[in-house]
Each structure stands twice: as structure tokens, then as C-alpha cells.
Amino acid sequence: MSRIGRLPIDIPGGVQVNVNGLDVHVKGPKGELKRSFSRLVEIKMENNQLNITRNSENPAERAMHGTVRAVIANMIHGVSKGFEVVLQVEGVGYRAEMEGKNLALFVGYSHPVKMEPPAGVTFETDAKTRQIKVSGFDKELIGQIAANIRKVRPPEPYHGKGLRYLGERVRRKAGKAGKGAK
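Below you will find a few notes about this structure. (Residues numbered from 1 in each chain as written. Predicted model: local features only at pLDDT ≥ 70, side-chain atom pairs only at ≥ 80, totals over all residues. Heavy atoms only, no water.)

### Comments concerning the overall build of the chain
No. 1: Per the secondary structure count, the chain includes two helices and 13 strands.
No. 2: Against the globule reference of 16 Å for 182 residues, the chain gives a C-alpha radius of gyration of 22 Å, more extended than a compact globule.
No. 3: Its C-alpha atoms give the chain principal-axis dimensions of about 70 × 45 × 20 Å.
No. 4: Evaluated residue by residue, the chain yields a buried proportion of 36% over its 182 residues.
No. 5: Across the chain, contacts joining residues at least 24 apart in sequence account for 51% of those joining residues at least 6 apart.
No. 6: Split by element, the accessible area of the chain, about 11,400 Å² in all, is 49% carbon and sulfur.
No. 7: Across the chain, the 31 positively charged side chains and the 18 negatively charged ones have centroids separated by 10 Å. (Helix = DSSP H or I, 4+ residues; strand = E, 2+ residues; numbered from the N terminus. Rg over C-alpha atoms; globule rule 2.2 N^0.38 Å. Buried < 20%, exposed > 50% of the residue type's maximum accessible area, 1.4 Å probe, protein only. Contact = heavy atoms within 4.5 Å. Areas by Shrake-Rupley, 256 points an atom, 1.4 Å probe, with all protein chains shown as cover. Lys, Arg positive; Asp, Glu negative; His and termini not counted. Charge placed at Lys NZ, Arg CZ, Asp CG, Glu CD.)

Shown next, in the form of C-alpha cells:
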């Protein structure tokens, strides 16, 4: 049995969960999320806990069991506490600024790259620490937006300049040895 899938999901106070067959609707102080899941697993709500069960040991059902539990747990955590991804700006002259609610990236192009946050996502920049914070209640959306920001200027291996996740290690390469070395 899946070690993650068999764990019950506790529902914190202030969060409403409605299970209608395979549809799960979660509403909390940060927002609300709705999602439909596979028929391979069964979702039951019992005394303020969600339990996910599967019917057989079929590999497809075994794979779905832990995944569905993790996705529902992320939905509940997102609407109650929210998620945040932090990106670091590295490089001389590289910076990120806020223009209203939009993000403007100055990362070596002839123009600033402007990004508009979708609904439920907020950007925050800190000029002192050179960080960009992407926050919201949908973990998948936050991760995708952070990946799109990083894709504007990924870190390069020679000087390490670019946008990277906080704590991300970039493998560095040695540059040219020069003419005098033989």
C-alpha cells in the first residue's frame, strides 16, 4: 500500500471541503480550488478527515493513490496557508522591479521583460536581497509562473548570471585557459 496514499488528510479550521464523487471543492481564507480526479481511487470524508483508497494493486491505481492524496493535501494547504516560491537575481546590472502589480525584469536585454500575474498570484520584489517572491494558493500555478520567470534568463554556467531558485546550485564551468597556457 502507498505510504503516502494511506495517510488521512486533516482538514484545518476555516477550510470547507465538499466531496461529490470524484470532484473535490476546497474553500478557505486564501481562495478556492476545484478539481476532478480519476475513477481509479475513491475519496471519502469521515469525521473531519479525508481518506483516499484504491480498489486493487493494479500499477495504474497504485500510482494514482499517492498522487491524488498529495494533490488534495496541497489544495487544502494552499487555501489555508498559501505557497511561496523565491527566485534570486544574479548578475551585474540585473534587477527586478514592481510596476503596479506587474513584474519588470531587467536582465541584460535591450528592453525590460514585463510579466503580469494571473488571478490568485502576487509578485513581490526586494531590491536589497535581490529576490522575487511568487505567492498564491494554487501550488501548480505558482510553480509554473516561477518556472516561466526563470525561463526569461536561466542561470548560465560560466559566470552564474541569471534568475535562479533560492538555494539552487548552478554547476560552473571553467572558461578558456588563455593563449599563454600550453
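### Side note on the nonpolar core
Across soluble globular proteins, you tend to see nonpolar side chains buried next to one another.
No. 1: Counting 20 residues, the largest nonpolar core has Ile 72 and Ile 76 as its most contacted members.
No. 2: Secondary structure elements with two or more residues in this core: strand S3 (23-27), strand S5 (41-46), strand S6 (49-54) and helix H1 (59-80).
No. 3: Tallying contributions element by element places H1 first for this core, with seven residues.
No. 4: For Ile 76, the contacting residues outside a window of four places in its chain are Ile 9, Asp 10, Ile 11, Pro 12, Val 15, Val 17, Val 26 and Leu 50.
No. 5: Membership of the second largest hydrophobic core comes to 19 residues, among which are Leu 87, Phe 123, Ala 146 and Ile 149. (Core = buried A, V, L, I, M, F, W, Y, C linked by side-chain atoms within 4.5 Å.)

### Here's the deal with the environment of Arg 130
No. 1: Assignment of secondary structure puts Arg 130 in the loop between strand S11 (121-126) and strand S12 (131-136).
No. 2: Discounting residues that sit within four places of it in the chain, Arg 130 has contacts with Leu 87, Gln 88, Val 89, Glu 90, Gly 91 and Tyr 94.
No. 3: Engagement of the side chain of Arg 130 in a polar contact is seen with the backbone oxygen of Gly 91, the distance being 2.7 Å. (Polar contact = N/O pair within 3.5 Å; in protein donor to acceptor, adjacent residues only side chain to side chain.)

### What to know about the layout of surface pockets
If a probe the size of a water molecule is rolled over the atoms, the empty space left behind becomes visible.
No. 1: Quantified by volume, the largest pocket comes out at close to 170 Å³.
No. 2: Leu 33, Lys 34, Arg 35, Val 71, Asn 74, Met 75, Phe 137, Asp 138, Lys 139 and Glu 140 are the residues that line the largest pocket.
No. 3: Of all the elements in the fold, those that place two or more residues in the lining of the largest pocket are strand S4 (32-36), H1 and helix H2 (139-152).
No. 4: Partitioning the lining of the largest pocket into residue classes produces four nonpolar, one polar and five charged. (1 Å grid on protein atoms, 1.4 Å probe; cavity = no way out; pocket = protein on both sides within 12 Å on 5 of 7 lines; lining within 4 Å. Points joined across faces, edges and corners; volume = space filled by probe spheres on them. Nonpolar A, V, L, I, M, F, W, Y, C, P; charged D, E, K, R; others polar.)

### Observations regarding the packing of aromatic side chains
No. 1: Within the structure shown, the criterion is met by zero aromatic pairs.
No. 2: Across the ring face of Phe 106, the terminal group of Arg 95 is positioned such that the distance to the ring centre comes to 4.1 Å.
No. 3: Positioned over the ring face of Tyr 109 is Arg 153, at 4.3 Å from the centre of the ring. (Phe/Tyr/Trp six-rings, centres within 6.5 Å; stacked < 30°, edge-to-face > 60°. Lys NZ or Arg CZ within 6 Å of the ring centre and 35° of its normal.)

### Examining the sheet that holds strand S13 (residues 162-165)
No. 1: Across the sheet, four strands lie side by side as S11-S12-S7-S13; this open sheet has antiparallel pairing. On the outer flanks of this sheet lie S11 and S13, each paired with one strand and no other. Here the average twist between neighbouring strands, direction ignored, is 25 degrees.
No. 2: H2 rests against strand S7 (83-90), S11, S12 and S13 of the sheet, and its axis sits at about 155 degrees to S13. (Pairing = 2+ DSSP bridges. Axes fitted to C-alpha atoms, helices over the stretch in contact; angles between N-to-C directions.)

### Side note on the side chain of Ser 135
No. 1: By the secondary structure assignment, Ser 135 is in strand S12.
No. 2: Looking at Ser 135, the relative accessible area reads 18%, which means it is buried.
No. 3: Looking at Ser 135, its side chain comes within polar contact range of the side chain of Thr 122, at 2.8 Å.
No. 4: Sequence-distant contacts of Ser 135, defined by excluding residues within four places in its chain, comprise Phe 83, Glu 84, Gly 120, Val 121, Thr 122 and Ile 142.

Keep in mind these numbers describe shape, not what the thing actually does.
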